[in-house]
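Residues per chain, in single letters:
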Amino acid sequence: MSYSVSPVGFVRSCFKEKFAIPRQPQLAPAARGVLELVAPFDGGEAVQGLEQVSHVWLLFLFHQALEDKPRLKVRPPRLGGNTSMGVFATRATHRPNGIGQSVVKLDKVEPGRLWISGIDLLDGTPVLDIKPYVPYADIVHGATNDMASGAPRLIPVQWLKTALHQAQSHAQRLDEPLVALIEQCLAQDPRPAYQVPTSEREYGAQFWDVDVRWHYPEAGVICVLEVVPAK
């Protein structure tokens, strides 16, 4: 038995590539975007009443990780990428039907557009459904998850003075909290856990329309080297 689904909209996100996206929603409050709805959901009727809601659940497709053959086991980044777990015990992007879910903050509601933050969604993500977050039902007191009992440990983020000035300038141009976005994402250490980077090795990712480069001057510390227009 198979079913056909169609997106209700697409996300225009600060994240232009998968690397450095937070591994869960709400870990980077400065991560913002707009969910642009498509017909027939773009006229305003479908979002009437959402102005009373602070957060929404988004059901979406991992559109850059769709696979023809389902995986029964995956290697979640939370466990360092070296330990296999059953796919249903994880939130890995390699899903049987490519479906993900995120709870995001709803900042503004317009006909055809939802302004959202705290996102972990790649630019262009197709959204299949939107549901209001209901605190009394969605907060489960006493719930446990021994594999992920708390948020990832944050690491210090330092800046070269020139890089900070570059980021502040681009933040003003974009009218976005770019410095906070970079710090919140990099503090979660986006590199694969199995890598042991040398101080000479540089990493990079695109946020909005700028490329950010950083390195690890010592173990457990990130230093932002450059924030320049994306090529």
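Placed above this text is the structure.
The structure reproduced in this document is the subject of the present report. (Residues numbered from 1 in each chain as written. Predicted model: local features only at pLDDT ≥ 70, side-chain atom pairs only at ≥ 80, totals over all residues. Heavy atoms only, no water.)

**Remarks on the sheet that holds strand β7 (residues 113-117)**
Reasoning step 1: The strand order β1-β2-β7-β6-β3-β8 describes a closed barrel built from 6 strands, whose pairing is antiparallel. Averaged over all pairs of adjacent strands, the angle between their axes in this sheet comes to 45 degrees, without regard to strand direction.
Reasoning step 2: Inspection of the sheet shows strand β1 (residues 9-13) paired to strand β2 (residues 32-37) by 5 bridges, in the antiparallel sense. By the bridge assignment for β2, Gly 9 is matched with Leu 37. (Pairing = 2+ DSSP bridges. Helix = DSSP H or I, 4+ residues; strand = E, 2+ residues; numbered from the N terminus. Axes fitted to C-alpha atoms, helices over the stretch in contact; angles between N-to-C directions.)

**Looking at the packing of aromatic side chains**
Reasoning step 1: Using the criterion set out here, one finds 7 aromatic pairs in the structure.
Reasoning step 2: When the ring of Phe 15 is compared with that of Phe 207, the centres are 6.1 Å apart and the planes differ by 65 degrees; the resulting orientation is edge-to-face. Of this pair, Phe 15 sits in the loop between β1 and β2 while Phe 207 sits in strand β10 (residues 202-207), and the two are 192 residues apart along the sequence. As far as the burial class goes, Phe 15 and Phe 207 line up, both buried.
Reasoning step 3: Taking 5.8 Å as the distance between ring centres and 15 degrees as the angle between the ring planes, the aromatic pair formed by Phe 19 and Trp 214 counts as stacked. Here the residue Phe 19 occupies a position in the loop between β1 and β2, and Trp 214 occupies one in strand β11 (residues 210-218), the gap between them amounting to 195 residues.
Reasoning step 4: Residue classification places Phe 19 among the partly exposed residues on the basis of a relative accessible area of 27%.
Reasoning step 5: Across the ring face of Trp 115, the terminal group of Lys 108 is positioned such that the distance to the ring centre comes to 4.7 Å.
Reasoning step 6: The ring of Tyr 216 is capped by Arg 191, whose NZ or CZ atom sits 5.5 Å from the centre of that ring. (Phe/Tyr/Trp six-rings, centres within 6.5 Å; stacked < 30°, edge-to-face > 60°. Buried < 20%, exposed > 50% of the residue type's maximum accessible area, 1.4 Å probe, protein only. Lys NZ or Arg CZ within 6 Å of the ring centre and 35° of its normal.)

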